[in-house]
Each structure stands twice: as C-alpha cells, then as structure tokens.
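Survey of secondary and tertiary structure
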Amino acid sequence: MTIIDGKTIARSIREDAKKRTETLRTQGVVPCLAVILAGDDPASVSYVTGKEKALAEAGMASRDIRVNADISEAELLSLIAALNEDAAVHGILVQLPLPKHIREDRVIDAVSPQKDVDGFHPASVGNMVLGRDGFLPCTPNGIVRLLRTLAVPVCGAHAVIVGRSNLVGRPLSILLTRKDVNATVTVCHTGTPDLAYHTRQADILIAAAGKAGLIAGDMVKEGAVVIDVGVNRVSDIAAKKGYRLRGDVDFEAVSRKASFITPVPGGVGPMTIAMLLLNVVRAAEKTRDA
Ligand code: NAD
C-alpha cells in the first residue's frame, strides 16, 4: 500500500505556476487573485490564509478583501462588479459558504467567467460539461491530476464517487468520463440505498461526503485506489486546537486493503490549492495574450 503524498505532487505543480509567474512578471504582468471573505468563520479564514500564502510563494499578488458577515447582497455584488472591471485583477474567488442572507447563486453568477478561477460560474460548468476551454473547478481537477500522476490505470477503471455536490462529486463525475480520462463512473449520494454494494465495486473510490469515517474497511475492494476528499473536524481534547481533521475514510482499516490511499490532511487539500494557482496563472496569461 502506498500513501499518496499530495503535498509533494502539489509542490511540483506550484513550481510550474511559479516559473510561469516569473515569465509573466518579465512581461509586466503580475498575476493577481482577489479573495473575498465575508465574516470570520474559522475554517474559511484558514482556507483563505492558506491560499494567499501559496499565491505569495509563487510570486503572485492577492487582494485580501475581508468584509463583515452582515454585508448586504447588493454591496457584495457591486464589489464583485468593480473587481470584474479592474484590469490588475485576473481572478476572483469568493470564499464559500456565504452568510445565510446572501444568495450564493447570485454571487457565483456575478463573477466574470474570464476571472472565474474557482470554475463555479454556470458558463464554466457548461464549458466543462461540453469539453470546451474554460476554468475547471480546483478540487475535482486536482483529483484527476493526482490520479494521472500515479502509475495506476484510470482509463477503463470503475470509479465510484460518494457525493454529488456542485463543488466536488458532480464535476468530478464529468471530468472522469471525459474521453482523455475514460473512467466508468458511478455516483452515490444520500439517496443510494446500499452504499457498500457500490463502493465495493470501485477500482477507484473517491469519498466526498463530509462524514468522518463513513467508508469502513469492509466497503472497499482489495487493491482499490482510495481518494479521501473529506475534511471533517472531530473534537479531540488531546489536540492543541481541541479538534483534529479526519477524512471520510476509516484510514486505519482501509489502508490495509487499498493499493493507494490519500491521507487527511496532506492528500487532496494541497492539490486543490495547486490547481487554483494554475488557474490564476492561466487567467493572467490569457489577458497577456488577448
Ligand atoms: P456537501 O455537503 O455539499 O456534499 C456532500 C455529498 O455527499 C452530498 O451530495 C450527499 O448526497 C453525499 N452524502 C453525504 N452523506 C452521505 C452518505 N452517508 N452516503 C452517501 N452519500 C452521502 O459537501 P462538499 O462540499 O462536496 O464536501 C465534501 C467533503 O469534502 C467535506 O468534508 C469538505 O470539507 C471536503 N472538501 C475538501 C476539499 C479539499 O480541498 N480537500 C475541497 C472541497 C471539499
């Protein structure tokens, strides 16, 4: 069994982003991502901080825009409209989830597709489904990249995804069935009667349910490749912060059967950030080439 080192794989992608940033800088373009965070949810703060640190390490700029949780929807939309018009900003990321009174769809729709480095805009999703050029969502794209990096057959493999969210499960199902990836995909969700029946068929099992330890040892086929997307905070009085991060997979039990498995943390998370950097660089390159 091999524990997949997402950090190392992500590092080489970040190096690529850094080199491309250096080239852009010599051409007078500094790739810049505007990051909007509404409120101070601790998990969101930590995600935003991680992304901004990675941008800085790659030589890119970021606009850190923190607004109060009680910002009105109209104010947030006009902030996004101004960033859409700002030529120095190549990408716009609105950290989700948003405060309850703000309609997420309205905000996603407001970001210009040219700056939609999260790949959430309906135009980006449509381009992804149709196999056209556009920004791909970072977590699913990072998972495909991870699988391509491993010496495992993906073409013709049966991939079973647990979760159908717009953020992970659904877009991943689309990317995995693209002809250049060529997996056969099953998507499971809360309406799936016998989850274990499906997960046991998987050559590649991707857990993105947000339920700590959902995937037990007896739910996995011998030799399967297991990708754990879940990031769940479970309380742990022995831990410094009072909690620790756990994936959706029972790592102890499943690692005894898997051929490859991602750890949490250190698996999918670093890939998500690396793919974000690539999208920002690409957005900047597109403005240079326009
Ligand atoms: P979500 O809550 O939007 O979606 C969860 C999906 O899992 C739903 O489609 C639901 O139908 C399915 N599901 C939930 N419980 C299930 C069960 N018992 N059986 C079958 N299906 C079930 O969550 P999300 O935004 O897709 O995120 C999923 C997890 O991945 C979370 O833990 C999140 O923190 C994590 N995540 C990690 C990264 C990363 O970069 N590592 C990125 C995004 C999300």
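See the structure above.
Everything quoted here is computed from the prediction, not taken from an experiment.

Brief notes about the overall build of the protein chain
Across its full length, the protein chain carries 10 helices and 11 strands. Computed over C-alpha atoms, the radius of gyration of the protein chain comes to 19 Å, within 12% of the 19 Å expected from 2.2 N^0.38 for 290 residues, which places it in the range of a compact globule. Taken along its principal axes, the extent of the C-alpha atoms in the protein chain is 55 × 40 × 35 Å. Taking all 290 residues of the protein chain together, the buried fraction comes to 48%. Across the protein chain, every contact between residues at least 6 apart in sequence was considered, and the portion connecting residues at least 24 apart equals 70%. For the protein chain, the exposed area adds up to about 13,800 Å²; of that, 53% sits on carbon and sulfur atoms. Computed over 35 positive and 32 negative side-chain charges, the inter-centroid distance for the protein chain is 3 Å.

Describing the pattern of salt bridges
With the rule as written, the count across this model stands at 14 salt bridges. Taking the shortest distance from any N to any O, the salt bridge between Asp86 and Arg63 comes out at 3.0 Å. In this pair, Asp86 sits in the loop between α3 (73-85) and β4 (91-94) while Arg63 sits in strand β3 (residues 61-67), placing the two residues 23 residues apart along the sequence.

Structural notes on the site of the ligand
In the neighbourhood of the ligand, 22 residues make up the surrounding shell, with Arg164, Ser165, Val229, Val231 and Thr272 lying closest. With respect to the ligand, the side chain of Ser165 contributes an N or O atom lying 2.5 Å from an oxygen atom. Between an oxygen atom of the ligand and a main-chain N or O atom of Val231, the distance comes to 3.0 Å. The element best represented in the shell around the ligand is helix α10 (residues 268-289), accounting for three residues.

Examining the sheet that holds strand β8 (residues 225-228)
Taking strand neighbours across the sheet as the criterion, the six strands line up as β1-β11-β8-β7-β5-β6 in an open arrangement whose pairing is parallel. Edge strands, defined here as strands with exactly one partner in the open sheet, are β1 (2-3) and β6 (184-188). Here strand β7 (residues 204-207) runs beside β8; their pairing, made up of four bridges, is parallel. Each bridged residue has a counterpart across the sheet, and for Leu205 the counterpart in β8 is Val226. Its contacts with the sheet put helix α6 (residues 138-149) on β7 and β8, and the angle it makes with β8 is roughly 150°. Its contacts with the sheet place helix α7 (residues 169-176) against β5 (158-162), β6 and β7, and it is angled at close to 170° to β5.

Topic: the side chain of Thr199
Counting through the fold element by element, Thr199 comes out in helix α8 (residues 195-199). Engagement of the side chain of Thr199 in a polar contact is seen with the backbone oxygen of Met219, the distance being 2.7 Å. Those residues in contact with Thr199 that sit more than four places away from it in its chain are Val160, Val162, Leu205, Ile215 and Met219.

As for the pairing of β6
The pairing of β5 with β6 spans five bridges and is classified as parallel. Its bridge partner being in β6, His158 is matched across the sheet by Thr184. Traced from β5 through α7 to β6, the parallel crossover comes out right-handed.

Digging into the packing of helix α1 (residues 6-26) against α10
A pair of packed helices is captured by two measures, namely the crossing angle of their axes and the spacing between those axes. Packing of α1 against α10 leaves a shortest axis separation of 8 Å and a crossing angle of 15°. One way to sum up the angle between α1 and α10 is to call them roughly parallel. The crossing of α1 and α10 is left-handed. In this structure, α1 uses Gly6, Lys7, Ile9, Ala10, Ile13, Arg14, Asp16, Ala17, Arg20, Thr21 and Leu24 to contact α10, whose residues at the interface are Pro270, Met271, Ile273, Ala274, Met275, Leu277, Leu278, Val281, Arg282, Ala284, Glu285 and Arg288. Its residues assigned to classes, the contact of α1 with α10 comprises 14 nonpolar, two polar and seven charged.

Regarding a nonpolar patch on the surface
Together, Met1, Ile3 and Phe251 make up a nonpolar patch on the protein surface, roughly 280 Å² of accessible area in all. Mapped onto the fold, Phe251 is located in helix α9 (residues 251-254). Accessibility expressed as a relative area gives 30% for Phe251, which makes it partly exposed.

So, the nonpolar core
One finds Ile143, Leu176, Ile206 and Ile227 to be the most contacted residues of the largest nonpolar core, which totals 56 residues. Examining the composition of this core, we find that 12 residues originate from one element, α10, more than from any other. Those residues in contact with Ile143 that lie beyond four places of it in its chain are Val168, Leu172, Ile206, Ile227, Val229 and Val268.

Describing the packing of aromatic side chains
Summed over all chains, the structure comprises zero aromatic pairs. Here the guanidinium or amino end of Lys286 rests over the ring plane of Phe135, the centre of that ring lying 5.6 Å away.

About the cut-offs
Position numbers for residues count from 1 along each chain, tracking the sequence in the order it is written. Note on the predicted model: pLDDT of at least 70 is required for a residue's local features to be given, and 80 or more for side-chain atom pairs to be given and counted; whole-chain, interface and lining totals, by contrast, use all residues. Computation of side-chain values: all heavy atoms of the structure, hydrogens and water removed. Each helix is a run of DSSP H or I of at least 4 residues and each strand a run of E of at least 2, with the numbering of both proceeding from the N terminus. The globule rule used here is 2.2 Å times the number of residues to the 0.38 power, and the radius of gyration it is set against is calculated over C-alpha atoms. Each residue's exposure class comes from its accessible area (1.4 Å probe, protein chains only) as a fraction of the maximum for that residue type: buried when under 20%, exposed when over 50%, partly exposed otherwise. In this analysis, two residues are considered to be in contact whenever any of their non-hydrogen atoms come within 4.5 Å of each other. Method for areas: the Shrake-Rupley scheme with a 1.4 Å probe, in which residue coverage is limited to the protein chains shown. Under the convention used here, Asp and Glu are negative, Lys and Arg are positive, and both His and the chain ends fall outside the count. A charged residue contributes its charge at one atom only: NZ of Lys, CZ of Arg, CG of Asp or CD of Glu. For salt bridges, the criterion is a side-chain nitrogen of Lys or Arg within 4 Å of an Asp or Glu carboxyl oxygen. The near set for a molecule or strand comprises every residue that places at least one heavy atom within 4 Å of it. Definition of a polar contact: a pair of N or O atoms within 3.5 Å, with one able to donate and the other able to accept a hydrogen when the atoms are protein atoms, and with sequence-neighbouring residues admitted only if both atoms are side-chain atoms. When DSSP finds two or more bridges between two strands, those strands count as paired. Note on method: axes are straight lines fitted to C-alpha atoms, helices fitted across the in-contact stretch only, with angles between N-to-C directions ranging 0 to 180 degrees. We call a crossover right-handed when, viewed with the strands running away from us, the connection from the first strand over the helix to the second turns clockwise. Throughout this description, any angle smaller than 35 degrees is read as roughly parallel, any larger than 145 degrees as roughly antiparallel, any in the 65 to 115 degree range as roughly perpendicular, and the remainder as oblique. Helix crossings are classified by the rotation of the near helix relative to the far one: an anticlockwise turn of less than a right angle makes the crossing left-handed, while a clockwise turn makes it right-handed. Three categories are distinguished: nonpolar for Ala, Val, Leu, Ile, Met, Phe, Trp, Tyr, Cys and Pro, charged for Asp, Glu, Lys and Arg, and polar for the others, with Gly belonging to the last. Patch rule: a residue counts if its relative accessible area is over 30% and it has no salt bridge; like charges are joined within 9 Å, and nonpolar side chains (Val, Leu, Ile, Met, Phe, Trp, Tyr) within 5 Å. As used here, the term nonpolar core means buried Ala, Val, Leu, Ile, Met, Phe, Trp, Tyr and Cys residues forming a set that is joined through side-chain atoms within 4.5 Å. When two rings of Phe, Tyr or Trp (its six-membered ring) have centres within 6.5 Å they constitute a pair, described as stacked for plane angles under 30 degrees, edge-to-face for angles over 60, and tilted for the intermediate range. We call a charge positioned above a ring when the Lys NZ or Arg CZ atom is no farther than 6 Å from the ring centre and deviates by at most 35 degrees from the ring normal.

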